[in-house]
Amino acid sequence: MSTKPSLSERAALAARDGAPASEAADYLSGLNPAQREAVETTEGPVLMLAGAGTGKTRALTTRMAHILATRRAAPWQILAVTFTNKAAREMKDRIRKLIGDSVEGMQWLGTFHSISAQILRRHAEIVGLKSSFTIIDTDDQVRLCKQVIEAANLDPKRWTGRGLAAFIDDWKNRGLIPSKVPAGEAGLFGNGKGIDLYKAYQSRLITLNAADFGDLLVHCLTIFQTHPDVLKTYQDKFRYMLVDEYQDTNVAQYLWLRLLAQQNHNICCVGDDDQSIYGWRGAEVTNILNFEKDFPGAKVIRLEQNYRSTPSILAAASYLIDHNKNRLGKTLWTDVDSDEKVKLRGVWDAEEEARAITDDIESEHTKGRSLSDMAVLVRASYQMRSFEERFNMAGLAYQVVGGPRFYEREETRDALAYLRLVRNPEDDLSFARVVNKPPRGFGDTSLQKLMVAGRRMNCSMAEAGRRLLETDEIKGKAKTSLRAFLEALDRWQVEAEDKRPGELAEQVLDESNYTLYWKNHKSPQAPSKLENLKELAQAASEFDTLPAYLDHVSLVSEVNSNGSTDGKIWLMTLHAAKGLEFPVVFLPGWEEEIFPSKRSVDESGEDGLQEERRLAYVGITRAEESCRISFAANRQVFGQWKSPLPSRFIDELPEDHVDVQSEPGLYGAKAADLPAYSRFNASKVEDDTYYDNPGWKRAREATARRKAGARRTSPPQLEAKADLIASNAPGISDYKIGERVFHQKFGYGKIIGIEGNKLEIDFEMSGAKKVIDSFVEKH
DNA sequence: TTCTTCACGCTTTTT
DNA sequence: GCGTGAAGAA
């Protein structure tokens, strides 16, 4: 392969060479000493330890501009890796601002996976693939695992496809090919058949000419390890290497980097050990902790000046994270001037938590703060529901980050399966997915026959289908529809030659009756699914060739952000919030077993707990001006009532930087009825009676009764709450005409009449006037 | 073959 | 409390 610069590369180089020499100095102005050191230390291994909000991106983009401007390397000689496409795009944009369009020459700026895929396509034959291999996603991976398990005659209920996929992923994250998996781990899955299943899975992938995400890296590693000449070409090519979010690298990625850096040693890793929150998918904090050992002569540069948050927010975060062991350690400081403290609030239950936060948001909004300056960050996505309900009720616009992704939706995946099949008829996974979708009378039984036949004749299912049509093994309706399907497939393949992907997509979806299927479908989601199909064809039309489009789709999973994000409250998980910042941040649900998550602690013990703590750290440090933590005394999780204890993280905050606001309660509950919580409570109680307070006690007793087998009644907390309502709720005489109130179901309204025990209310949302005899909040 | 019903189980999520 | 997936009914 040639490493000679292409014409466009040479053009970029010429443009760079023509740039005035004085430009270089401009990059450096305005950097603090640590940032400047990070930029200018170009040779040898560098670890840039960048705490939250310390101007990491600025330092690393400037560093690259500096390398280019001082002509240490040309754009195509720099390898810059990130984890997400978004991060790669942002980095590119930031560099473009510094050096202009010659950033386009940086062809090796991308995610680990996309760069690995590029490398793998050039050397695919070494690992037994063709360079046109398909990249399969998690769903197909699980499907394939299930097939492998069934083929091995294991009980698919006991040993699930998901389970096997998790094991295989774990091995691949650690860079282990089947022959290298430690014997001890073989017994963990499928009655000792774990490694055999892994082998079978890999050989199935080779037959399908496919690779899963983990393979992209592991195959690359194999190539580097077995072909020193190939490795050498890349070592020569990459004169400077830069890795973002190094604390999130797994073992395979670490090995990949180390092999490439072996020759030039010019590797700069940027990260923060305190923000490593992806251990559950194979990230190894130890990679960053051992950097100096792994890369001898490494220089560690700490970025410690924080430009984002107030002193109290920083103090809270630092104090909390100091409870973790094995940290590299750094001392964040800030110039920001503010005496606002972190706020901590205990509330009765989740409903009230949502109400209190919504009230806060509204009052900030009234003071003139934009809704998009505020974010609610939850531990798990099921916690979002109560907020969505409350926001809807209050008529506040919100924006959920994450959620179902475009390329993971049923209809998108079906459509892509059609297109994949057109490109690669050997793709059995896609074949099985769409051969009977829409229903064509070619059901499971016939599909099984094809599968068996394919395996017997060692060919793809499509090919097996062709051969079986000559015989009588498939009869009647199944035969007719299979013939029609295969003929259509042939036709599309011919059409694909000279049609653009957008047109082709439309044609395939029409002729297969897939569009019609959703048009006739009576489910309420059908119209939006049709919308999505249109969007897909639209997206495809932006690419020149079908393979180009399919490759893009396999490695990118973002939804096109639908509409403006302005004026909408952000609602997302803590994981999704990493790398973002907001003036006001709400952190609800700080309760034991929820945050820290029970499962995390159960499964990973002390390590799990420390990762949860880092997650708390990430949450707090997202806040610029105001950080508001809350916890509830009662919470329903999956329909089950719990009376959780306040999170231990609350006790790990610095007392003098936290304002405690005991919420008096929606229904006028007394502060004394709310949880006593550790040293923040004025009337602190001693260890044994630590959580012993009237409200909690009642709730827990009721839970205990239920657990003991009492007949299911209304939730215990509601009984307790009903008492409070009875004793504290406003009487009818407390309401006045013209007052603004809030109803659980109908939202805000104004009292327009009072009669007996009933209120007549004019509701803002619906515009309807209703007579209400149930409780309404005063507002 | 396809439609319906019931049980189950359930963090976090990118590529 | 809800959506998914596998077993029965039409």
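Because the structure is a prediction, the values reported are computed rather than measured.

Peer 1: Is there a simple way to think about the overall build of chain A in this case?
Peer 2: When its secondary structure is counted, chain A shows 31 helices and 23 strands. Out of the 779 residues in chain A, the part that is buried amounts to 52%. Counting only carbon and sulfur atoms, one obtains 50% of the accessible surface of chain A, whose full area is about 34,800 Å².

Peer 1: Honestly, the sheet that holds strand β2 (residues 78-82) in this entry has me stumped. Any pointers?
Peer 2: Strand pairing in a sheet takes place through backbone hydrogen bonds and is either antiparallel or parallel in direction. In spatial order, the strands read β3-β2-β6-β7-β1-β8; together these six strands make up an open sheet with parallel pairing. Bordering the open sheet on either side are β3 (109-111) and β8 (299-303), each of which pairs with just one other strand. For this sheet, the mean inter-axis angle between neighbouring strands, taken without regard to orientation, is 15°. Pairing analysis gives five bridges linking strand β1 (residues 46-50) to β8, with the strands arranged parallel. Bridge pairing in β8 links Leu 47 to Val 300. Across the sheet, helix α3 (residues 33-40) lies against β1 and β8, angled at about 145° from β8, the strand it touches most. This element, helix α6 (residues 112-123), spans β2, β3 and β6 (240-243) of the sheet and lies at about 105° to β3.

Peer 1: Would you mind going over the packing of aromatic side chains with me for this structure?
Peer 2: The description of an aromatic ring pair rests on the distance of the ring centres and on the angle between the ring planes. Applying the stated criterion across every chain yields a total of 22 aromatic pairs. Between Phe 391 and Tyr 398, the aromatic rings sit 5.7 Å apart at their centres with planes inclined by 45°, giving tilted as the arrangement. What makes Phe 391 buried here is its relative accessible area of 0%. Between the aromatic rings of Trp 590 and Phe 649, the centroid separation amounts to 6.3 Å while the plane-to-plane angle is 80°, which identifies the pairing as edge-to-face. Residue Trp 590 is located in the loop between β15 (582-587) and α29 (598-621), and its partner Phe 649 is located in the loop between β17 (640-642) and β18 (658-662); the two are separated by 59 residues in the primary sequence. Under the relative-accessibility criterion, Phe 649 is labelled buried at 0%.

Peer 1: Quick question: what am I supposed to make of the pattern of salt bridges here?
Peer 2: Side-chain pairs of opposite charge can arise where the charged atoms are in close proximity. Within the structure shown, the criterion is met by 50 salt bridges. Its salt-bridge partner being Glu 606, residue Lys 325 comes within 3.4 Å of it at the nearest N-O pair. Here Glu 606 lies in helix α29 and Lys 325 lies in the loop between α16 (311-321) and β10 (333-334), a separation of 281 residues in the sequence. Accessibility expressed as a relative area gives 39% for Glu 606, which makes it partly exposed. Linking Asp 414 and Lys 437 is a salt bridge whose minimum nitrogen-to-oxygen distance equals 3.2 Å. Of this pair, Asp 414 sits in helix α19 (residues 410-423) while Lys 437 sits in the loop between α20 (428-434) and α21 (444-457), placing them 23 residues apart in sequence. One connected set of salt bridges, linked through shared partners, spans Arg 345, Asp 360, Glu 364, Lys 367, Arg 369, Glu 625 and Arg 628.

Peer 1: Whenever I open this one, the protein's contact with DNA strand C confuses me. Can you help?
Peer 2: Around DNA strand C lies a shell formed by Lys 146, Lys 157, Arg 385 and Phe 638. Each atom of DNA strand C within 4 Å of the protein belongs either to a base or to sugar and phosphate, the latter forming 45%. When grouped by side-chain class, the residues that make up the surface near DNA strand C number one nonpolar, no polar and three charged.

Peer 1: What is the right way to read unusual backbone geometry from this model?
Peer 2: Across the chain, the bulk of peptide bonds are trans and the bulk of non-glycine residues have phi less than zero. Cis geometry is adopted by the peptide bond preceding Pro 438, which originates at Lys 437 and carries an omega value of 0°. Looking at the element boundaries, Pro 438 is found in the loop between α20 and α21. Cis peptide bonds are those with omega within 30 degrees of zero, and the linkage from Phe 595 to Pro 596 qualifies with 10°. Its place among the elements puts Pro 596 in the loop between β15 and α29.

Peer 1: Got a minute to help me understand the pairing of β15 in this structure?
Peer 2: Where a strand is regular, its side chains alternate between the two sheet faces. Among the six residues in β15, six count as buried, and that is most of the element. Pairing of strand β12 (residues 374-378) with β15 involves three bridges; the strand directions are parallel. Of the residues in β15, the one forming a bridge with Ala 375 is Val 585. Inspection of the sheet shows β15 paired to strand β16 (residues 623-637) by five bridges, in the parallel sense. Residue pairing in the sheet places Val 585 in a bridge with Cys 627 of β16.

Peer 1: What should I look at first to understand the nonpolar core in this one?
Peer 2: One broad trend across soluble globular proteins is that nonpolar side chains are buried collectively. Among the nonpolar cores identified, the biggest contains 46 residues, and Tyr 418, Leu 419, Phe 431, Phe 442, Leu 450, Leu 482 and Tyr 549 are the most heavily contacted of them. Within the second largest apolar cluster, 44 residues are counted, among which are Val 81, Leu 217, Phe 238 and Ile 288.

Peer 1: So what exactly am I meant to see when it comes to helix α26 (residues 526-540) here?
Peer 2: Because an α-helix completes one turn every 3.6 residues, residues spaced three or four positions apart along the sequence face the same direction. With 15 residues, α26 extends 21 Å between its outermost C-alpha atoms, agreeing within 8% with the 21 Å of an ideal straight helix rising 1.5 Å per residue. Burial in α26 covers these residues: Ala 526, Lys 529, Leu 530, Asn 532, Leu 533, Leu 536, Ala 537, Ala 539 and Ala 540. Buried residues along α26 sit in contact with α19, α24 (501-511), α25 (514-520) and α27 (546-555).

Peer 1: Can you walk me through the side chain of Ser 276 in this structure?
Peer 2: Looking at the secondary structure, you find Ser 276 in the loop between β7 (267-271) and α14 (285-289). Those residues within four positions of Ser 276 in sequence are excluded, and the remaining contacts are Gln 247, Asp 248, Val 285, Glu 611 and Arg 614.

Peer 1: Explain the pairing of β1 to me, please; I cannot follow it from the model alone.
Peer 2: Among the five residues of β1, five are classified as buried, and the element is accordingly described as predominantly covered. Burial along β1 is two-sided: Val 46, Met 48 and Ala 50 and Leu 47 and Leu 49, pointing in opposite directions, are all buried. With four bridges joining them, β1 and β7 adopt parallel strand pairing. Note on β7: the bridge partner recorded for Leu 47 is Cys 269.

Peer 1: Quick question: what am I supposed to make of the environment of Ser 430 here?
Peer 2: Along the chain, Ser 430 turns up in helix α20. Along the backbone, Ser 430 and Leu 419 are eleven residues apart, and their C-alpha atoms lie at a distance of 8.8 Å. Beyond its immediate sequence surroundings of up to four residues, Ser 430 is in contact with Ala 417, Arg 420 and Leu 421.

Peer 1: I'm lost on the side chain of Ser 626 in this one. Help?
Peer 2: Relative to the helices and strands, Ser 626 resides in strand β16. Residue classification places Ser 626 among the buried residues on the basis of a relative accessible area of 2%. Separated by 3.0 Å, the side chains of Ser 626 and Arg 628 make a polar contact. Setting aside residues no more than four positions away along its own chain, Ser 626 makes contact with Ile 313, Glu 340, Lys 343, Pro 583, Val 584 and Val 585.

Peer 1: Just checking my understanding: could you explain the packing of helix α11 (residues 213-226) against helix α12 (residues 228-237) for this structure?
Peer 2: When two helices pack together, their arrangement is captured by the angle between the axes and the distance separating the axes. Remark: α11 packs on α12, axes separated minimally by 5 Å, with the N-to-C direction vectors making an angle of 105°. When the axes of α11 and α12 are compared, the pair comes out roughly perpendicular. Between α11, through Ile 223, Phe 224 and Thr 226, and α12, the contact on the second element is made entirely by Pro 228, Val 230, Leu 231 and Tyr 234. Within the contact of α11 with α12, the residues separate by chemical class into six nonpolar, one polar and no charged.

Peer 1: Any chance you could explain the environment of Thr 545 here in plain terms?
Peer 2: Within the secondary structure, Thr 545 is located in the loop between α26 and α27. In this structure the C-alpha to C-alpha distance between Thr 545 and Arg 500, which are 45 residues apart in sequence, comes to 6.4 Å. Here Ala 548 takes part through its backbone nitrogen, which lies 3.2 Å from a polar atom of the side chain of Thr 545.

About the cut-offs
- Residues numbered from 1 in each chain as written.
- Chains lettered and ligands numbered in written order.
- Predicted model: local features only at pLDDT ≥ 70, side-chain atom pairs only at ≥ 80, totals over all residues.
- Heavy atoms only, no water.
- Helix = DSSP H or I, 4+ residues; strand = E, 2+ residues; numbered from the N terminus.
- Buried < 20%, exposed > 50% of the residue type's maximum accessible area, 1.4 Å probe, protein only.
- Areas by Shrake-Rupley, 256 points an atom, 1.4 Å probe, with all protein chains shown as cover.
- Pairing = 2+ DSSP bridges.
- Axes fitted to C-alpha atoms, helices over the stretch in contact; angles between N-to-C directions.
- Contact = heavy atoms within 4.5 Å.
- Phe/Tyr/Trp six-rings, centres within 6.5 Å; stacked < 30°, edge-to-face > 60°.
- Salt bridge = Lys/Arg side-chain N within 4 Å of Asp/Glu carboxyl O.
- Near = heavy atom within 4 Å.
- Nonpolar A, V, L, I, M, F, W, Y, C, P; charged D, E, K, R; others polar.
- Core = buried A, V, L, I, M, F, W, Y, C linked by side-chain atoms within 4.5 Å.
- Expected span 1.5 Å × (residues − 1).
- Polar contact = N/O pair within 3.5 Å; in protein donor to acceptor, adjacent residues only side chain to side chain.
- Parallel < 35°, antiparallel > 145°, perpendicular 65-115°, else oblique.

Geometric descriptors of this kind do not, in isolation, establish any biological role.
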